[in-house]
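What follows is each chain in one-letter form.
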Amino acid sequence: MAIVEGALELQEISVDRGGARVLDGVSVRVSPGEIVAVIGPNGAGKSTLLEAAIAVVPLAHGRVLVNGRATRSLAERARAIGFLAAEAEPAGEVRVGRLLEEPGPDPAWARELEARLRLGPLRSARAATLSRGERRRLLLYEALARARPFLLLDEPTGVFDPLQLVDVVALFRAVADRGTGLLVTVHQMSDAEALRSRIVILNRGRSIAEGPLEALRERVGLGAGAPLHDVFVALLREEKAHAPA
Amino acid sequence: MLRRELAIVLAARITWLSAAAAALLVGHGFVLAVDLFTAGSRSALSNALMSREFDPLLGIVRPTLGGLYLATSLFGPLIGARAIAIEKDRRTFAARLLAVGSAGRFLASKGVAALAGTALPWLGAVALLESWRLVGGHLAVGETAVALFGHLLYAAFVTAVGLAAGALARGFAQAATGALLAIAFTWAIDAAEGFSALAWLGGAAAWSPSTHLRPFEQGTFDLAATGWLVGATLGALVFAWAGCRFDWHGRRRAGALVGSSLVFVLAAGGLRSLTGAWDLSELRRHSLPPAAAAELRRLPERPRLVVNLDREDSRRRQLESDALARLRLARPDLAVRFPPDERRAPEAIERDDGYGRLTVFVGERSRETTSISRRELTTIIFELAGRPLPDWSAPEYPGYPLVVEGGRRRMVLAVSYLALPLLFLFLGVALTTGRRRLT
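Values in this document were obtained by computation on a predicted structure and should not be read as measured data.

About the cut-offs
- Residues numbered from 1 in each chain as written.
- Chains lettered and ligands numbered in written order.
- Predicted model: local features only at pLDDT ≥ 70, side-chain atom pairs only at ≥ 80, totals over all residues.
- Helix = DSSP H or I, 4+ residues; strand = E, 2+ residues; numbered from the N terminus.
- Rg over C-alpha atoms; globule rule 2.2 N^0.38 Å.
- Contact = placed C-beta atoms within 7 Å.
- Pairing = 2+ DSSP bridges.
- Axes fitted to C-alpha atoms, helices over the stretch in contact; angles between N-to-C directions.
- Parallel < 35°, antiparallel > 145°, perpendicular 65-115°, else oblique.
- Left-handed = near helix turned anticlockwise from the far one by under 90°.
- Nonpolar A, V, L, I, M, F, W, Y, C, P; charged D, E, K, R; others polar.
- Buried ≥ 20, exposed ≤ 12 C-beta atoms within 10 Å, placed from the backbone.
- Arc of directions from axis to C-beta.
- Domains from an automatic or database assignment.

> So what exactly am I meant to see when it comes to the overall build of chain A here?
Counting its regular elements, chain A contains 9 helices and 10 strands. For chain A, whose C-alpha radius of gyration is 18 Å, the value lies close to the compact-globule estimate of 18 Å for 245 residues. If one aligns the C-alpha atoms of chain A with their principal axes, the spans along those axes are about 60 × 40 × 35 Å. Long-range contacts, defined here as pairs at least 24 residues apart, represent 69% of the contacts in chain A between residues at least 6 apart.

If you want it as structure tokens, here you go:
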């Protein structure tokens, strides 16, 4: 894989857990301003891929490059990457206003985020008293306000209703337009479709397809307008057919 | 960042419930101390000689701080462990570290916030001692401040142990268990010292925080004790720092933990070897008489003692807490050897003919004695140095007996069992109420 300047590259990432290989040679590249959605069935290794990118789990093989350089220290990773875990919860004891006041590099962007995520009216509430969707919006604020070059978001859309999802997807687009590269794992096919991003499909720890939705449709012989769900099922069947007995 | 961390600690119910329970423990120790002091004072008030024995540092401050020691040991590890482990339970640990960008800064803000929570019972103890003054009791500021300072250092140590457990464990439950076990281990060290069958473990007493709290509770600011508590706290923080490095795995993590252990041993052990102590007790009553202490300091040769007494021997305890402590205040370089501590095999425990003897050396001259009296030992040192014993007179400590009864006792009871615990509970409710308020 050629090294791309300015990109986040996960090269040939393999991870072992409990003696089993849960990620096997997965490579993903995220360029600045790009959204890459990782989808796959439960246990495919989506969350592990993100954890491997920030070194929460040790790599059995592979490397993580930022701007063509391997990230070795916590400080290097911290400068380049922001992270939001799938089941993260905000600091419930703290009032939303206090969490919104944490310094970010761009106050104007922080104010825009607060407005887009509709957090202003929640300022005096404690985070623990918020609804699930509100808590997720608060966590998204915390992750996005720091404006790191790359953001790894593990299932950030799962709790939103369709109307909220439209806003969040628009927000992700705005984040990407600011030059941030987003690597997002998505459980719902409709969410991944809404992101209109490049898609990486994982199955049993391996990457089985990668590309824009149109290219994936073409690969499995489905026509324009075929939902991602159908493409996904067709790709899984294709992989199963080619898998060794 | 610090305000966020302070909010996580001080707006948590566990912090205030712990503080209220700790206030009850400390308050109970205070009430028992006041009642005992009162009982003794009734007869002492009519006898000037007896009244000298009524030392508020010994009779009021130490028992109150005993309750504080228990409360800090039980609740401090939970506050410290939670400060970090809560991020793991909330799945925000890695995200927070990436947001902060430095394990050191992350740990510093967590540590300050956790210490604020752990120190709440300490503030309760200060309030109780102030109530002693309000009912007419006497407290000397210097000696009380030193005793409180020692316990603040202990709170920092306990907090650091909790932080280390929080950083190394997978979640709060595991961290709390680990931190409490670590503190219980120091209690085991204290307990082991009392068993002659385990005398070979006696040296471990130097690794118990309570050993190093003793000088503070006597109104002595001791550099070695301060050094141990500071070094052990730093060592525990290094463990916590290594635990925060979520990006270290396998051998690197194991290496970091081994390195942390070394830092702990070297920091605590190294700083313990600092010499120097200052008697800040009222009238410097824990020192030798002023003239003797001044003359002892001027001796060109370093005095040495060889003490043939076992650890569990009450005479040795008396010697260490009285004569040796006073001699060391005057001569921090005093060298003391205990041959019974150096035996290795159990059969060597049998006491030989030389048991109970002390040998005093000054330069090439030496003399044996069986006395553990500070005056006798000081006299021998001066005789060996070829000098007369200086003036042995010292200012007379008057003692401060006080009978606390009637309305004043009711006030002590109300403050200890009601006001202070309820104040912590009230503050807790005010700061942690989770009603949703929208702007």
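Now that the structure has been shown, the text picks up again.
> Before we go on, may I ask you to explain the sheet that holds strand β2 (residues 20–30) of chain A in this structure?
Strand pairing within a sheet occurs via backbone hydrogen bonds; the two strands may be parallel or antiparallel. All names here are of chain A. Read from one edge of the open sheet, 4 strands run β2-β1-β4-β5, paired in antiparallel fashion. Looking at the sheet topology across the chains shown, the edges are occupied by β2 and β5 (69–70). Both strand β1 (residues 8–17) and β2 contribute to a ladder of 7 bridges, which runs antiparallel. By the bridge assignment for β2, Asp16 is matched with Arg21. Contacting β1, β2 and β4 (61–66), helix α1 (residues 46–53) crosses the sheet at an angle of about 115° to β1.

> Explain the packing of helix α7 (residues 120–134) of chain B against helix α8 (residues 141–168) of chain B to me, please; I cannot follow it from the model alone.
Angle between the axes and distance between the axes: these two values describe a pair of packed helices. All names here are of chain B. In the contact formed by α7 and α8, the axes pass within 10 Å of each other and the chain directions differ by 165°. Taken as axis vectors, α7 and α8 run roughly antiparallel relative to one another. Between α7 and α8 the crossing geometry is right-handed. Facing Trp122, Val126 and Leu129 of α7, the residues of α8 in contact are Thr144, Leu148, His151, Leu152 and Ala155. Residue composition of the contact of α7 with α8, by class: 6 nonpolar, 2 polar and no charged.

> What exactly am I supposed to notice about helix α16 (residues 374–384) of chain B here?
For an α-helix, the turn length of 3.6 residues means that residues three or four places apart are oriented alike. Residue and element names in this part refer to chain B. What α16 keeps buried is the set Leu377, Thr378, Ile380 and Ile381. In an axial view of α16, the angular spread of the buried residues amounts to 155°, which keeps them on one side of the axis. Positive backbone phi, approximately 75°, marks Gly386, located one or two places after α16.

> Help me out: how do you make sense of the interface of chain B and chain A in this one?
Many descriptions give the size of an interface as the accessible area lost when the pieces come together. Counting residues at the interface gives 29 residues for chain B, matched by 32 residues for chain A. Among the elements of the structure, α1 (2–10) and α5 (93–100) of chain B are those that each provide at least two residues to the side of chain B that touches chain A. Looking at the side of chain B that touches chain A residue by residue, the classes come out as 13 nonpolar, 8 polar and 8 charged.

> How should I be thinking about the domain arrangement of chain B in this particular structure?
The domain architecture assigned to chain B consists of domain 1 (2–278 + 405–432) and domain 2 (290–384). Taking the mean C-alpha position of each, domain 1 of chain B and domain 2 of chain B sit 33 Å from one another.

> Looking at this model, I keep getting lost on the sheet that holds strand β6 (residues 81–84) of chain A. Mind explaining?
Residues and elements named next belong to chain A. The mixed open sheet is built from 6 strands, whose spatial order is β6-β7-β8-β3-β9-β10. On the outer flanks of this sheet lie β6 and β10 (206–212), each paired with one strand and no other. Strand after strand, the sheet turns through a mean of 15° between neighbouring axes, direction not considered. For strand β3 (residues 35–39) and strand β9 (residues 198–203), the ladder comprises 4 bridges, and the chain directions are parallel. Opposite Val38, over in β9, you have Val200 as the bridge partner. Sheet strands touched by helix α5 (residues 132–145): β6 and β7 (150–154). Its angle to β6, the strand with the most contacts, is close to 170°. Contacts between helix α9 (residues 228–242) and the sheet are confined to β3, β9 and β10, with β9 contributing the most and set at about 45° to the helix.

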